[in-house]
Amino acid sequence: MTQTLRGADIVIKTLERAGLTQIYTLSGNHIMSLFDAAIDSKLQLFHVRHEAATVHMADAHGRLTRNPGIAWVTGGPGHANAVGALFTALGQETPMVLLSGHTETDQLGKGGFQELKQVEMAAPVTKASWMATDTRTVGMEVAKAVRIATSGRPGPVHLSLPSDILDPSVPEPEIVWPTEADFKAAPVGLSDPAADAVLSLIAAAKRPLIIGAPVLANRPGRDLLARLENSLGVPTVISEGPRSFNDATLGRYFDVARQADLVVLLGKALDFTLKFGEAPWFQADCKFISLDPDGALIDRAVQFKGANLVFGTVADTYPAGETLISRARTKGDTAWLSDARAAFADRPASMATVVSKTEGKLHPAEVFRTLSPYVTAHKDSVVILDGGEFAQWGQAMLTNDRRMINGVAGSIGGSLPMATGARTVEPAAPVFAVLGDGTFGFHMSELETAVRLNLPFVAIVGCDARWAAEYNIQVRDYGPNRTFGCELNQTRYDLVATALGGHGEVVEKAADLAPAIERALASGKPAVVNVMIESIPSPVIRR
Ligand SMILES: Cc1ncc(C[n+]2csc(CCOP(=O)(O)OP(=O)(O)O)c2C)c(N)n1
Ligand SMILES: [Mg+2]
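On a predicted model such as this, the values are computed, not experimentally measured, just so you know.

Enquirer: How do you make sense of the pattern of salt bridges when you look at a structure like this?
Expert: For the structure shown, the criterion picks out 29 salt bridges. A salt bridge links Arg227 to Glu322; the shortest N-O distance between them is 2.8 Å. Separated by 95 residues along the polypeptide, Arg227 in helix α9 (residues 219-232) and Glu322 in helix α12 (residues 317-326) bring together distant segments of the chain. Given the relative accessible area of 34%, Glu322 is considered partly exposed. In this structure, Arg519 and Glu505 form a salt bridge, with 2.8 Å as the shortest nitrogen-oxygen distance. Of this pair, Arg519 sits in helix α21 (residues 513-523) while Glu505 sits in strand β18 (residues 503-507), placing them 14 residues apart in sequence. Taking relative accessible area as the criterion, Arg519 reaches 43% and is therefore assigned partly exposed. The exposure class assigned to Glu505 is buried, which follows from its relative accessible area of 8%.

What follows is the structure, given as structure tokens:
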């Protein structure tokens, strides 16, 4: 008798064959066949408390490993909940795949159960979004999703899997299985003549600057940029912050940008994070080079810069960087390089010394001065920094090569699930999440996920009883008498952790923080260190 397989079995076997065995998921009617098919497979399911968390976990997986993170959610509302989180993965160029259940195809347009235009809904926040329509080829569709997510400029991909594609069985001989090649696209390299042309333009410039894409904001990317900087003698920077030249991570970035006479965009889109390349942020006659996986973004850069976009070619970011390194012959001006390095590293002197003026509260700088040695104590530490003012202090003061931020999308809330997801791929080193008290509310229930699945990390929460980033916008734009609606209760978020089975610490004095962090790490549990802080605007460095 001919063997048959369900669509769901084909999906599971396809993921297994690709070695994509860690699945971040939240169950639902449409995808229970996937759960069933996963029994006795190599797949490991991390079952979470909100669909957005599946995406944030897959995002952390994708950024840390450069292999696609895989999220499964149910159709309709499950899909809708997941979609918002894709925006962050899109901005950070994370390879990941969202597989969403979907109403039966024969119910489409008839008001089917949880029927929703899922493909259209995910399209603006993905590289590609479509629905599978044939059980026999569903494995090919999964492979295609992986291929698109990982090729060119990586990013999230969405594939909807209708129940009447997953549930029916088909005879094995009719199944079209993907080959290894179907999961990968050949990288697009930078040709030697193109690399040489770029290198001569760099050699002719006085103050060249290489600006790297968010896809480089991981250990391999930082290593690539460091080697590029050393072999060319040209300063490099990763532009991944929505605060543009006020990115707390990058010191006097604005000072470097405005002096540059040539900017090489290494996979970096010319967008709002670079003020579209405009003066006075850049010199009006600053030249630009765009090396980009996507020709459309080079065309867009031409629209902004006209003749000042002096060279552009399609190339994938990592291979392009490697080719530039391998063909480097001359070194740039060492004074410019060291000035730029000093500018990026510049921090207000007060950061090293400032202390709280308020009884029962710490200054954010005290928090990160204390936390920093615990991050650097282990070479593989992972740090996830969320948005908001407190986390900006963290961004300014914590440096390690496995740090992740909310990034270009500027979306708050992902750090707790991201830390949980990071622990699924980093078995031993400390994992820290840094977030404000408002942000803590987004995904606090994932602490239960982390406890249940034994995925410990330490969350450092800056509790200033305020949505401070927005409060500070009110003060700046409308005046100190026009602040409105941005207050929160001073809350014992540490007790949330304890209630959910984790470890909690509340800290009100600077001297108590280090022992609290140590106890949190030693607990081996998901932990919240809830630090009562003064509400201080982010440390933007302007001179
Ligand atoms: C998804 C999303 N919603 C809202 C915002 C706007 N936003 C940015 S920072 C912020 C305040 C964050 O407050 P908190 O987490 O307490 O950090 P704080 O700024 O107080 O340190 C808000 C509401 C956003 N960036 N993303
Ligand atoms: Mg706050």
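From this point, the discussion proceeds with the structure in view.
Enquirer: Before we go on, may I ask you to explain the side chain of Thr103 in this structure?
Expert: Relative to the assigned elements, Thr103 resides in the loop between β5 (96-102) and α5 (118-122). A distance of 3.1 Å separates the side chain of Thr103 from the backbone oxygen of Phe113, its partner in a polar contact. The contacts of Thr103, once residues within four sequence positions are left out, are His30, Leu108, Gly112, Phe113, Glu115, Pro162 and Ser163.

Enquirer: So what exactly am I meant to see when it comes to the coordination of the magnesium ion (ligand 2) here?
Expert: Taken together, the protein ligands of the magnesium ion (ligand 2) are Asp437 (OD), Asp464 (OD) and Arg466 (O), with distances of 2.1 Å. Look at where the donors of the magnesium ion (ligand 2) fall in the sequence and you get D-x26-D-x1-R. Residue Asp437 is found in helix α17 (residues 437-440), and its partner Asp464 is found in the loop between β17 (458-463) and α19 (468-478); the two are separated by 27 residues along the sequence. Classification of Asp437 by relative accessible area gives buried; the value is 2%. Looking at Asp464, the relative accessible area reads 13%, which means it is buried.

Enquirer: I keep staring at α9 and nothing clicks. Help me out?
Expert: The α-helix winds at 3.6 residues per turn, so residues separated by three or four positions along the chain end up facing the same way. The terminal C-alpha atoms of α9 lie 20 Å apart, and with 14 residues this matches the ideal 20 Å at 1.5 Å per residue to within 8%. If you check the start of α9, you find a side-chain oxygen 2.8 Å away from the backbone N of Gly221, and it comes from Asn218. Following α9 by one or two positions, Gly233 adopts a phi angle in the positive range, close to 70 degrees.

Enquirer: I would appreciate a short explanation of the sheet that holds strand β4 (residues 69-73) in the present structure.
Expert: Across a sheet, strands are paired by hydrogen bonds formed along the backbone, either parallel or antiparallel in direction. Pairing is parallel across the open sheet formed by six strands, whose spatial order is β3-β2-β4-β5-β7-β6. Where the open sheet ends on each side, the last strands, each with one partner, are β3 (44-47) and β6 (128-131). When the angles between neighbouring strand axes are averaged without regard to direction, this sheet yields 20 degrees. By the bridge criterion, three bridges tie strand β2 (residues 22-25) to β4 in an arrangement that is parallel.

Enquirer: How should the state of the cysteines be read in this particular structure?
Expert: The full count for this structure, using the stated rule, is zero disulfides. Free cysteine Cys463: the closest other cysteine sulfur is in Cys486, separated by 15 Å.

Enquirer: How should I be thinking about the site of ligand 1 in this particular structure?
Expert: As a structural note, the neighbourhood of ligand 1 is formed by 17 residues, with Glu389, Gly410, Asp437, Gly438 and Thr439 the closest of them. In the environment of ligand 1, a nitrogen atom lies 3.1 Å from a nitrogen or oxygen atom belonging to the backbone of Ile412. One of the side-chain nitrogen or oxygen atoms of Thr439 is found 2.5 Å away from an oxygen atom of ligand 1. In the complex, the protein chains occlude 77% of the 590 Å² of accessible area that ligand 1 would expose alone. Taken together, the elements giving at least two residues each to the shell around ligand 1 come down to α15 (389-397), α17 and α19. The residue inventory of the shell around ligand 1, partitioned by class, reads six nonpolar, six polar and five charged.

Enquirer: Teacher, can you tell me more about the nonpolar core here?
Expert: Across soluble globular proteins, nonpolar side chains have a tendency to be buried as a group. Grouped together as the largest cluster of nonpolar side chains are 45 residues, with contacts concentrated most on Ile384, Met404, Phe440 and Phe457. Setting aside anything within four residues of it in sequence, one finds Ile384 in contact with Met404, Ser415, Met418, Ala419, Ala422, Val431, Phe432, Ala433 and Val434. If you look at the next biggest cluster of nonpolar residues, it comprises 36 residues, including Val97, Ala143, Ala145 and Leu161.

Enquirer: Which parts of the structure should I look at to understand the pairing of strand β16 (residues 431-436)?
Expert: A large share of β16 lies buried, amounting to six of its six residues. Both faces of β16 are covered, namely the face carrying Val431, Ala433 and Leu435 and the face carrying Phe432, Val434 and Gly436. Bridge count between strand β14 (residues 382-385) and β16: four bridges; the pairing is parallel. Following the sheet pairing, Val382 is matched in β16 by Val431. Two elements, β16 and β17, share five bridges in a ladder whose sense is parallel. Residue Gly436 lies in a different strand from β17, and its bridge partner there is Gly462.

Enquirer: When you look at the sheet that holds strand β12 (residues 287-292) in this model, what are you seeing that I'm missing?
Expert: Reading across from one edge, β10-β9-β11-β12-β13 is the order of the five strands in this open sheet, with parallel pairing throughout. The strands lining the two open edges of the sheet, one partner per strand, are β10 (236-238) and β13 (309-314). With direction set aside, neighbouring strand axes in the sheet form an average angle of 15 degrees. With respect to the sheet, helix α8 (residues 192-204) is in contact with β9 (208-212), β11 (262-266), β12 and β13, its orientation differing from that of β13 by roughly 155 degrees. Seen against the sheet, α9 touches β9, β10 and β11 and runs at an angle of roughly 160 degrees to β10.

Calculation notes
Residues numbered from 1 in each chain as written. Chains lettered and ligands numbered in written order. Predicted model: local features only at pLDDT ≥ 70, side-chain atom pairs only at ≥ 80, totals over all residues. Heavy atoms only, no water. Salt bridge = Lys/Arg side-chain N within 4 Å of Asp/Glu carboxyl O. Helix = DSSP H or I, 4+ residues; strand = E, 2+ residues; numbered from the N terminus. Buried < 20%, exposed > 50% of the residue type's maximum accessible area, 1.4 Å probe, protein only. Polar contact = N/O pair within 3.5 Å; in protein donor to acceptor, adjacent residues only side chain to side chain. Contact = heavy atoms within 4.5 Å. Donors = N, O, S within 2.8 Å, 3.2 Å for Na, K, Ca; no water. Expected span 1.5 Å × (residues − 1). Pairing = 2+ DSSP bridges. Axes fitted to C-alpha atoms, helices over the stretch in contact; angles between N-to-C directions. Disulfide = S-S within 2.5 Å. Near = heavy atom within 4 Å. Areas by Shrake-Rupley, 256 points an atom, 1.4 Å probe, with all protein chains shown as cover. Nonpolar A, V, L, I, M, F, W, Y, C, P; charged D, E, K, R; others polar. Core = buried A, V, L, I, M, F, W, Y, C linked by side-chain atoms within 4.5 Å.

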